[in-house]
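Descriptive structure summary
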Amino acid sequence: MLDNIEDGYDETLVPLDYDQAGQIRDDDLLRELVCKMPAGVTMTCLYDCCHSGSVLDLPYVFVGDGEHEGMTTPENFKFDHIAAASGNAEDVAFEDDEEGGGKYQPDVKNNNQAAASPPPKKKGGCCGMGGAAEDSDDDYVEEDGKPRGHRKVIVIGANGMVGRAVLPVLVFRYGEHLQVYAGTREPTAFAPIKGVDVVKADMADKKNLTRTLRDFDRALIIVPNNRPDLAANALEAADAAKSINFVLVLSVMTAPLKETIFGKHYSEIEEKAKQVFPASYCILRCPIFMDAVLTHAESIKADGQFFDPRDPDMPFTPIAVRDVARAASDILAKPNQNAEKTYKLCSPPFSLNDQAAALSSVLEKSITVTMIEYDACRSGFLDKGYPEWQIDGSMEVFKLIDEGNELTNVTENEDFEAITDSKPTTIEEWCQINADKFQYPE
């Protein structure tokens, strides 16, 4: 990453937990440590490393070559960098000294004024000898001019199936580095999850949501009821909060098909995310869930069959909810690696007949799929209380599967593996994991 020192690269510290928390960039040390020092304070920093400068982005370094007797200013040092770090370009001056060198002089004219945002920087002294690595992968640095935050992650819309799946995975995998919060409209109705705190986060109330989000560093937004207006509220609230520096938005695989029900709404959501967080968004497109077969659990238990309007021989590529949770957690833990990316999650392809065979194998009894008319399928979902928009949207996806659409049968996609360094769940593995849900208790 380009910087203002001679070699053109950022310098970084590599902490013990760098693989999870990232490296600490010299830009951050300058902004958070040096520029915030009060008047009269002197600090000495010692770094055991190579010859990579001050690690603090200071405008002077000690050169131990036997010729220099004091601090020198690196060639081509960009003093506007310090101005940006201090929060006010007018508060920083660079004056030539008698020997043609230079010295950094923060302007202290505002020191006695009331605190503002950002606060004025006070004069102090700091010298450092240190080093770093050439490439920074710090996932907790300032992004797009927004504050560093507190390493707190919030899942907004946390009470649904995906939200409740993501939260425990975040805690299990990254609980030592991230404080995990569930944001829900009705906190008192949220069933507790170990290691997860609950806060009120109503996407319909942008003003109060903005207040809530001021304490968070990153957010996963799960939009309820196919509502792009609520997504817009959540994204605008996250932006107004000024502390959120990364948002992950859950979308659907068919978002590019704007003529479809799901595509129309989620394309708007994706566009809004890119508009509000142009350099710090990530979109996670999901197909239908492998877990959808759980709606047929009773008929599989009782009659050894499930019903579907699709061609049972047509392959499709859904995703297990557990895989969505794993991918979302890994993305939220390492935002810099995933910013400005749109991922597609899917399993290896299989057909409904393959699904029936996998269930038959783990349940040790014959399970079959019975084709029904689309109208009969729609009526069945209505009887179960599903909203019409969701039923009609699902029917559109089912028909895309029957047509062999490339968005429902993704034959070449390694996004899940790239995010998680693991393989997505196969239908055989999913059936093995969930076998008890299709069996009566003994």
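As a starting point, this report considers the structure included with it. (Residues numbered from 1 in each chain as written. Predicted model: local features only at pLDDT ≥ 70, side-chain atom pairs only at ≥ 80, totals over all residues. Heavy atoms only, no water.)

**Structural notes on the overall build of the protein**
The helix and strand tally for the protein stands at 15 helices and 17 strands. Within the span of the protein, comprising 442 residues, buried residues form 48% of the whole. Counted over contacts in the protein with a minimum sequence separation of 6, partners at least 24 positions apart contribute 73%. A total of about 21,700 Å² of accessible surface is found on the protein, and carbon and sulfur atoms cover 49% of it. (Helix = DSSP H or I, 4+ residues; strand = E, 2+ residues; numbered from the N terminus. Buried < 20%, exposed > 50% of the residue type's maximum accessible area, 1.4 Å probe, protein only. Contact = heavy atoms within 4.5 Å. Areas by Shrake-Rupley, 256 points an atom, 1.4 Å probe, with all protein chains shown as cover.)

**Comments concerning the environment of Glu 396**
As for its placement among the helices and strands, Glu 396 is situated in helix H13 (residues 388-402). Distance in space between the C-alpha atoms of Glu 396 and Phe 262 is 8.8 Å, their sequence separation being 134 residues.

**Here's the deal with a negative patch on the surface**
Taken together, the side chains of Asp 311, Asp 313, Asp 354, Glu 428 and Glu 429 define an acidic patch exposed on the protein surface. Take Asp 311: it is sitting in the loop between strand E15 (305-308) and helix H9 (321-333). For Asp 311, a relative accessible area of 30% gives the class partly exposed. (Patch = residues over 30% accessible without salt bridge, like charges linked within 9 Å, V, L, I, M, F, W, Y side chains within 5 Å. Salt bridge = Lys/Arg side-chain N within 4 Å of Asp/Glu carboxyl O. Lys, Arg positive; Asp, Glu negative; His and termini not counted. Charge placed at Lys NZ, Arg CZ, Asp CG, Glu CD.)

**Here we look at the nonpolar core**
Leu 213 and Leu 359 are the most contacted members of the largest nonpolar core, which totals 54 residues. Sort the elements by how many residues they give to this core and helix H6 (residues 228-241) lands first, with seven residues. The contacts of Leu 359, once residues within four sequence positions are left out, are Val 293, Ile 300, Phe 306, Glu 364, Ile 367, Cys 431 and Phe 438. In this structure, Val 162, Leu 250, Cys 286 and Leu 345 belong to the second largest nonpolar core, which totals 37 residues. (Core = buried A, V, L, I, M, F, W, Y, C linked by side-chain atoms within 4.5 Å.)

**Description of the sheet that holds strand E11 (residues 196-200)**
Pairing between the strands of a sheet comes from backbone hydrogen bonds, and it takes one of two forms, parallel or antiparallel. Sheet architecture is open: seven strands sit in the order E11-E10-E9-E12-E13-E14-E16, paired in parallel fashion. Of all strands in the sheet, those with a lone pairing partner are E11 and strand E16 (341-344), marking the two edges. Pairwise comparison of adjacent strand axes, ignoring direction, gives a mean angle of 20 degrees for this sheet. Bridge count between strand E9 (residues 152-156) and strand E10 (residues 179-184): five bridges; the pairing is parallel. (Pairing = 2+ DSSP bridges. Axes fitted to C-alpha atoms, helices over the stretch in contact; angles between N-to-C directions.)

**Regarding the side chain of Thr 408**
For Thr 408, the position within the fold is in the loop between H13 and helix H14 (415-420). Looking at Thr 408, the relative accessible area reads 7%, which means it is buried. Separated by 2.9 Å, the side chain of Thr 408 and the backbone oxygen of Asn 405 make a polar contact. Apart from the residues lying within four places of it in its own chain, the contact partners of Thr 408 are Phe 316, Thr 317, Val 397, Leu 400 and Ile 401. (Polar contact = N/O pair within 3.5 Å; in protein donor to acceptor, adjacent residues only side chain to side chain.)

**Some remarks on the pattern of salt bridges**
Applying the stated criterion across every chain, the model contains 15 salt bridges. Here Glu 270 ties to Arg 285 by a salt bridge, and the two come within 2.8 Å at their closest N and O atoms. Remark: Arg 285 occurs in strand E14 (residues 281-286) and Glu 270 occurs in helix H7 (residues 261-276); sequence separation between them is 15 residues. Across the pair, exposure class does not vary: Glu 270 and Arg 285 are buried alike.

**Description of the packing of aromatic side chains**
According to the stated counting rule, one finds five aromatic pairs in the structure shown. Residues Phe 316 and Phe 350 carry aromatic rings whose centres are separated by 4.9 Å and whose planes lie at 55 degrees to one another, so their mutual orientation is tilted. Here the residue Phe 316 occupies a position in the loop between E15 and H9, and Phe 350 occupies one in the loop between E16 and helix H11 (352-363), the gap between them amounting to 34 residues. In this pair, the class of Phe 316 matches that of Phe 350, namely buried. One cation-aromatic arrangement involves Arg 164 over Phe 190; the distance from NZ or CZ to the ring centre is 4.6 Å. The lysine or arginine in question, Arg 310, covers the ring of Phe 316, its NZ or CZ lying 4.7 Å from the ring centre. (Phe/Tyr/Trp six-rings, centres within 6.5 Å; stacked < 30°, edge-to-face > 60°. Lys NZ or Arg CZ within 6 Å of the ring centre and 35° of its normal.)

**Observations regarding helix H4 (residues 161-174)**
One turn of an α-helix holds 3.6 residues; hence residues three or four places apart share an orientation. Across its 14 residues, H4 extends 20 Å between first and last C-alpha, which sits within 8% of the 20 Å expected from 1.5 Å per residue. Looking only at H4, the buried set comprises Val 162, Gly 163, Ala 165, Val 166, Leu 167, Leu 170 and Tyr 174. (Expected span 1.5 Å × (residues − 1).)

**Quick notes on the pairing of E15**
Regular strands have side chains that alternate between both faces of the sheet. Of the two faces of E15, the one lined by Phe 306 and Asp 308 is fully buried and the one lined by Gln 305 and Phe 307 carries no buried residue. Here E15 pairs with strand E17 (residues 368-371) via four bridges, running parallel. Each residue of the ladder has a partner; that of Phe 306, found in E17, is Val 369.

**Description of the packing of H4 against H9**
The N-to-C vectors of H4 and H9 enclose an angle of 55 degrees; their axes lie 8 Å apart at closest approach. Judged by the angle between their axes, H4 and H9 are oblique. Handedness of the crossing formed by H4 with H9: right-handed. Touching Met 161, Val 162, Ala 165, Val 166, Val 169, Leu 170, Arg 173 and Tyr 174 of H4 are Val 321, Val 324, Ala 325, Arg 326, Ala 328, Ser 329, Asp 330, Leu 332 and Ala 333, all from H9. Here the contact of H4 with H9 is built from residues that sort into 13 nonpolar, one polar and three charged. (Parallel < 35°, antiparallel > 145°, perpendicular 65-115°, else oblique. Left-handed = near helix turned anticlockwise from the far one by under 90°. Nonpolar A, V, L, I, M, F, W, Y, C, P; charged D, E, K, R; others polar.)

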